[in-house]
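A look at the structure
Residue strings, one per chain:
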Amino acid sequence: MLRIKGRVLVGPDEVRDELWAVDGRITHERPPGADGATTLTGWALPGLVDAHCHVGLGHQGPVDVATSEKQALTDREAGTLLIRDAGSPSDTRWTDEREDLPKIIRAGRHIARTRRYIRGYAHEIEPGDLVAYVAREARRGDGWVKLVGDWIDRDAGDLAACWPRGEVEAAIAEAHRLGARVTAHCFAEAALRDLVEAGIDCIEHATGLTEDTIPLFAERGVAIVPTLVNIATFPGLADAGEARYPRWSSHMRRLHERRYDTVRAAYDAGIPVFAGTDAGGTLAHGLVADEVAELVKAGIPPLDALSATAWGARRWLGRPVLEEGAPADLVLYDEDPRADVRVLGSPRRVVLNGRVTG
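What comes next is a walk through the structure. (Residues numbered from 1 in each chain as written. Predicted model: local features only at pLDDT ≥ 70, side-chain atom pairs only at ≥ 80, totals over all residues. Heavy atoms only, no water.)

Looking at empty space enclosed by the protein
What counts is decided by this rule: Residues are said to line a cavity or pocket when one of their atoms sits within 4 Å of a point; the points come from a 1 Å grid over protein atoms alone, cavities being sets where a 1.4 Å probe fits but cannot get out and pockets being open sets with protein on both sides within 12 Å along at least five of seven lines. Grid points are joined across faces, edges and corners, and a volume is the space filled by probe spheres set on the points. Think of it this way: any DSSP run of H or I at least four residues long counts as a helix, any run of E at least two long counts as a strand, and we number them from the N terminus.
Evaluated as defined, the whole model comprises 1 cavity of 30 Å³ or more. Within this model, the largest cavity holds a volume of roughly 40 Å³. Lining the largest cavity, in full, are His205, Ala206, Thr207, Pro226, Leu228, Arg259, Thr262 and Val263. With 3 residues, helix H9 (residues 259-268) is the single largest residue contributor to the lining of the largest cavity.

Written as structure tokens, this is what we have:
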């Protein structure tokens, strides 16, 4: 049994002096035998959410169980206790049996156009097979499906949409029929309108948002996960591709240069914004605090940036916060993260399923 004492941020506007963890669950009432509880003190938040993460993915594709475990443990020690795995070629269902690892909401494996994504990551198919593969991954995942909405077209030498409108509409309708939401990787502008008008639920990265598409996203309630710590890599990618694909390189630099303005404009328009790092592949795990700091740098108020990895993100994903009977997943800090989100980078204690980790 644990007693959490100090300032418990149950919600953005609700603070309690204490709560209890009994048999891995939260209670706000003093339980029998409370005098023998272990007391932890500090500022407490619900376990953080990384809404775009890839456990089981390395820079060349799937990784072994030991590497996947290390990735998940790194996220846990950073305070990330709920992950939306936005595409992985590895089977990570074994983590569900581990009470010491973050909870994972899976989107199955990426679905990409043939030769239009990173080798080894995705199912690479043609448009005529899109509906069938979406149905397959909807059944395999945990309520999400991940499309690759755009990527470099080598003939054009620039980013381009991957899927015809009709196939996207049919695929998203099939996912929704099966009870799954759909998200898509999109760097550029071209694919966004078709995806949103086809009924998509979320866009990853969303660097191609413009004054023409931002109102459409807001009207339809389509969320974005900007992954700003990943967008920071665009200049290096552009430099590496300059000789072969100068148009693409120039485009990537423009998207990078306006990244903060894009995120702030989306937020100001009322588009739901959530924190995701794009960990896995080439990016390290455990960067959720950096991503929240980037959201604040983009102009999102600190409390809303916190919500993007805490209360708001959990509700968006259909998971509990710190209410009565919820899993006792929380992180404690020495200082108030509402005053300075950089506090998230130094968790004092991590509690998962009512147990102190580490």
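Text resumes after the structure shown.
Quick word on the packing of aromatic side chains
The condition is simple: Here a Phe, Tyr or Trp ring, Trp counted by its six-membered ring, pairs with any other such ring whose centre lies within 6.5 Å, and the pair is stacked when the planes are under 30 degrees apart, edge-to-face when over 60, and tilted otherwise. Throughout, exposure labels follow a simple rule: accessible area from a 1.4 Å probe, protein chains only, divided by the maximum for the residue type, with under 20% read as buried, over 50% as exposed, and the rest as partly exposed. To sit over a ring, a charge needs its Lys NZ or Arg CZ within 6 Å of the ring centre and within 35 degrees of the ring normal.
Enumeration over the complete set of coordinates arrives at 6 aromatic pairs. Note on Phe274 and Trp316: the rings are 4.2 Å apart at their centroids and 10° apart in plane angle, and the pair reads as stacked. Taken together, the residues span a long stretch of sequence, with Phe274 in the loop between H9 and helix H10 (288-297) and Trp316 in helix H12 (residues 311-316) at a distance of 42 residues. When sorted by exposure, Phe274 lands in the same class as Trp316, which is buried. Connected via pairs of aromatic rings, a cluster forms that spans Tyr117, Tyr121, Trp151, Phe187 and Phe234. Positioned over the ring face of Trp144 is Arg84, at 4.6 Å from the centre of the ring.

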